[in-house]
Amino acid sequence: MITSPIGNCRLLLALGVVAALTSLRAAPNDAASVQIRVVPVGITPAQLDAVDKMLPQSTSLAALLKGSNYRHLYTETIESNESGFRAVYFDYTQRRTIVAEGSLGEPGAAQARVEPDWTPTTVDDAEFQDAVGVLTNDPSFHSALLAGQATTYRPMPPVQKLNANGSRIEDRIVNVGFLPRPGVENLRHEIVGVNLGTNSVVRYPGRAPREASAIDEATCGNPEAGQSTTQRGTAGQYQLTVLDSNGTVLWDMLVLRPSISSGTNASAIEIRDVKYKGRSVLKRAHVPILNVQYGNDECGPYRDWQYQEGMFQADGTDIAGAPGFRDCGTTPATTQVETGNDAGNFRGVALYREGTEVVLVTEVEAGWYRYVHEWRFDLNGTIHPRFGFGATANSCTCYDHTHHAYFRFDFDVDGTSNQIYELPLGAKPDRNDIRLATERKIYRTGSAAKYYRIRGGKRSYFLYPGPNDGVADAYAGGDMWFLHWHDGPTNLAAEIDDGHDFFDPTAADLDQFLTGESLRNEDSVVWYHASFLHTPDNAADGQLTGSKTSPRILTGPEVVGPDLVPDGY
């Protein structure tokens, strides 16, 4: 089975430390009565900072960076090597990406190499603000920005890889949105590129990259708060234990914050080694693929990322020694999807208790998109994975577009030997249930709705599709994939995701894993697709029609996800 990238060593911040233990008195069937224990696990932010400081001592890296104007983009741990790290740099002078890999214990011995065909999409706060600084100094934008007549925002795509003719751009061009404030005349909405190698501004035909749009008359979405975000690779994983009022363990799992979650584009809140009442349920669960397609290709399509944690409102207490984890007690954390407010006081993973559920929630940013990911753990063993969709002010979301989220469930129901059964929705399980013998893909349809049983011995989990989860279109490619589990040194080899980054073909490419392998008494993985159609709120008919003359707010039941229900636990 898989191993935590840095977690199975169970490196605690201090020997035997328990970072938090909270206990509230309430009825036994109320989540407010549970005790929560959080123990930090693995590498710490301080250890990664030490790596970054020592990396310049690497002879291999120094030789490649010598004499160049360069930027350190991020450092992350390597999943297939618990003691390894990967640091990514961009050399503006030579116009190339450099990757250094080495051991956490000896970063000065790291080996560096050039990645000539890779354009990292990661743009942290510092690089984006540097790009804004260049834009502010440009004569065409200087006066408006200094006078507060316009504001800047993070657009899509975050960096530019291709010219208008489709040829590859060698320079690193960071895109910046320039948005006039309401009522200001003689200024035009525009998305521009900033070349940080030459400190110059690149202006696109049509006032936006070919994958985006900048329209004067309308933007859709909530005002952007412009608050700081979390850099990719920021450490933070925790062993979370939920005990009932008598001290009996109900839930136990490893939780990874989005910034350190696995996958080519990360995967929001990742949970591993999930047990209910001491019995295995999931080895790993997360959302490694997230994309969006516009109805007439007015913008995008985009393959989005899920490591850039944004601010949301979480009123509670930070867990000592557990960066990016906050206990909110019985006060629900709220995000942009619920409130329409892009501002907040916390970024990372918030925990709270609501009714009979213990909830983990985060908000991540990808350009102007805001994504909310929740895990809801009921005291009765039910798991509610949830994903929500929002946006801040921009022109693209004034067009109809469909978000697609792909949940990945690596089931280990009472062990790794599982069977998968398909049942008609509404029917009770019986001996005539259809067992899936080999890997397959399934489309959900209203006339043939199904649910699924993942059984290990005498115990099972049932997967019920959510009512808002939609049906796959041609772009989505399918609704469920049932696959034989794999391991390997890369995301693609381990089938963690399809290996595509932001600039690869954006549609999910899970069919490549359908090789006819057995699902009988095997370790199996279930991919679950859910989609949501975002249409701007228009008083006429709910569609964007005619001229775009006023701001519109995205509306709708913007939360999707299935239910996982236990049997025999």
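Since the structure is predicted, the reported quantities are computational estimates derived from the model, not experimental observations. Here the residue numbers are simple positions, counted from 1 along each chain's written sequence. With pLDDT at 70 or above as the cut-off, local features in this predicted model cover only qualifying residues; side-chain atom pairs require 80 or more to be listed or tallied, and sums for whole chains, interfaces and linings still use all residues. Computation of side-chain values covers all heavy atoms of the structure but excludes hydrogens and water.

1. Considerations on the overall build of the chain
Moving on, step 1. Helical segments are the DSSP runs of H or I of at least four residues, strand segments are the runs of E of at least two, and each set is numbered from the N terminus. What the chain contains, in helices and strands, is 5 helices and 32 strands.
Moving on, step 2. Only heavy atoms enter the contact rule, under which two residues are in contact if any of them lie within 4.5 Å. In the chain, of all internal contacts separated by at least 6 residues, the share reaching a separation of at least 24 is 67%.
Moving on, step 3. In these tables, accessible area is a Shrake-Rupley quantity obtained with a 1.4 Å probe, and a residue counts as shielded only by the protein chains included in the view. As displayed, the chain offers around 21,600 Å² of accessible surface, 48% of which is attributable to carbon and sulfur atoms.
Moving on, step 4. Side-chain charges of the chain comprise 49 positive and 70 negative groups, with the mean position of each set lying 4 Å from the other. Neither His nor the chain termini are counted; the positive set is Lys and Arg, and the negative set is Asp and Glu. Note on charges: their place is set at NZ of Lys, CZ of Arg, CG of Asp or CD of Glu.

2. A word on the pairing of strand E22 (residues 383-391)
Moving on, step 1. Think of it in three bands: residues with accessible area under 20% of the maximum for their type are buried, residues over 50% are exposed, and the middle band is partly exposed, with areas taken using a 1.4 Å probe on protein chains only. Counted residue by residue, E22 has 9 buried out of 9 residues, so it is predominantly covered.
Moving on, step 2. Of the two faces of E22, both are covered, the one formed by Ile383, Pro385, Phe387, Phe389 and Ala391 as well as the one formed by His384, Arg386, Gly388 and Gly390.
Moving on, step 3. Pairing between two strands requires that DSSP report at least two bridges joining them. Strand direction decides the pairing type here: strand E21 (residues 369-378) and E22, joined by 9 bridges, are antiparallel. Its bridge partner being in E22, His373 is matched across the sheet by Phe387.
Moving on, step 4. Joining the antiparallel neighbours E21 and E22 is a turn of 4 residues, in which Gly381 adopts a positive phi near 100°.
Moving on, step 5. Where E22 lies against strand E31 (residues 559-560), 2 bridges are found, and the strand directions are antiparallel.

3. Notes on the confidence of the model for the chain
Moving on, step 1. What pLDDT conveys is the predictor's confidence in a given residue, as a value from 0 to 100. Per-residue confidence for the chain gives a mean pLDDT of 89; residues scoring 70 or more make up 91%.
Moving on, step 2. Low confidence marks residues 1-27, where pLDDT is under 50. Its contacts with residues over four positions away, or in another chain, come to 79 contacts.
Moving on, step 3. Segment residues 538-556 is flagged for pLDDT under 50; beyond a separation of four residues in sequence, or across chains, it makes 43 contacts in the model.

4. Some thoughts on the environment of Ser228
Moving on, step 1. Relative to the elements of secondary structure, Ser228 occurs in the loop between strand E11 (200-203) and strand E12 (237-243).
Moving on, step 2. Ser228 sits 102 residues away from Ala126 along the chain, and the two C-alpha atoms are 9.5 Å apart.
Moving on, step 3. If sequence neighbours within four positions are ignored, Ser228 has contacts with Asp125, Glu309, Met311 and Arg347.
Moving on, step 4. Within polar-contact distance, the side chain of Ser228 engages the side chain of Arg347 at 2.5 Å. In the analysis that follows, any N or O atom pair within 3.5 Å is treated as a polar contact, provided that within protein one partner can donate a hydrogen and the other can accept it, and provided that, for residues neighboring in sequence, both atoms belong to side chains.

5. A look at helix H3 (residues 125-137)
Residues spaced three or four apart along an α-helix face the same direction, because each turn holds 3.6 residues.
Moving on, step 1. A helix is expected to span 1.5 Å for every residue after the first. In this model H3 runs 18 Å from its N-terminal to its C-terminal C-alpha over 13 residues, within 8% of the 18 Å that 1.5 Å per residue would give.
Moving on, step 2. Capping the start of H3 is the job of one residue whose side-chain oxygen sits 3.3 Å from the backbone nitrogen of Ala126: Asp124.

6. Concerning the side chain of Asn394
Moving on, step 1. Relative to the helices and strands, Asn394 resides in the loop between E22 and strand E23 (401-411).
Moving on, step 2. Exposure remark for Asn394: the relative accessible area of 0% places this residue in the buried category.
Moving on, step 3. Within the structure, the side chain of Asn394 is placed 2.9 Å from the backbone nitrogen of Cys396, a separation counted as a polar contact.
Moving on, step 4. In contact with Asn394, not counting residues within four places along its chain, are Thr219, Cys220 and Trp368.

7. A closer look at the pattern of salt bridges
Moving on, step 1. Between Lys or Arg on one side and Asp or Glu on the other, a salt bridge is scored when a side-chain nitrogen of the former is within 4 Å of a carboxyl oxygen of the latter. Going through the model one piece at a time under the given rule, you end up with 37 salt bridges.
Moving on, step 2. With a shortest N-O distance of 2.6 Å, Glu79 and Arg284 are connected by a salt bridge. In this pair, Glu79 sits in the loop between strand E3 (70-78) and strand E4 (81-91) while Arg284 sits in strand E15 (residues 279-294), placing the two residues 205 residues apart along the sequence.
Moving on, step 3. By relative accessible area, which is 22% here, Glu79 ends up partly exposed.
Moving on, step 4. Take Arg284: its relative accessible area is 0%, and that puts it in the buried class.
Moving on, step 5. Across the salt bridge formed by Lys283 and Asp273, the nearest N and O atoms sit 2.5 Å from each other. Linking Lys283 in strand E15 with Asp273 in strand E14 (residues 270-276), this pair joins segments that are 10 residues apart in sequence.

8. A few points about the sheet that holds strand E5 (residues 96-103)
Moving on, step 1. Here 4 strands make up an open sheet; going across it, the order is E3-E4-E5-E6 and the pairing antiparallel. Here the strands that pair on one side only, and so sit at the sheet edges, are E3 and strand E6 (106-115). Averaged over all neighbouring strand pairs, the angle between strand axes comes to 25°, with direction disregarded.
Moving on, step 2. Bridging between E5 and E6 involves 6 bridges; their strand directions are antiparallel. Paired with Ser103 across the bridge in E6 is Glu106.
Moving on, step 3. The sheet contacts of helix H1 (residues 45-54) involve E3, E4 and E6, and relative to E3 the element is tilted by about 135°. Axis lines are fitted through C-alpha atoms, for helices just across the contact stretch, and the angle between N-to-C directions can take any value from 0 to 180 degrees.

9. Overview of the state of the cysteines
Moving on, step 1. Throughout, a disulfide means two cysteine sulfur atoms within 2.5 Å of one another. Evaluated as defined, the whole model comprises 2 disulfides.
Moving on, step 2. The disulfide partner of Cys220 is Cys398, and the gap between their sulfur atoms is 2.2 Å. Classification of the bridge connecting Cys220 and Cys398 rests on its S-S torsion, roughly 110°, and on that basis the disulfide is right-handed. Placement of Cys220 in the loop between E11 and E12 and of Cys398 in the loop between E22 and E23 is noted, with a sequence separation of 178 residues between them. Accessibility classification places Cys220 together with Cys398 in one group, the buried group.
Moving on, step 3. Note on cysteine connectivity: Cys299 is disulfide-linked to Cys396, with sulfurs 2.0 Å apart. Across the S-S bond linking Cys299 and Cys396, the dihedral sits near -85°, which makes this disulfide left-handed. Placement of Cys299 in the loop between E15 and strand E16 (302-303) and of Cys396 in the loop between E22 and E23 is noted, with a sequence separation of 97 residues between them. As far as burial versus exposure is concerned, Cys299 and Cys396 are alike and both buried.

10. What about the pairing of E3?
Moving on, step 1. Of all 9 residues in E3, 7 are buried, a share of seventy percent or more.
Moving on, step 2. Here 8 bridges tie E3 to E4, and the two strands are oriented antiparallel to one another. Considered in E4, the bridge of Tyr70 is made with Asp91.
Moving on, step 3. Between the end of E3 and the start of E4, which pair antiparallel, lie 2 residues.

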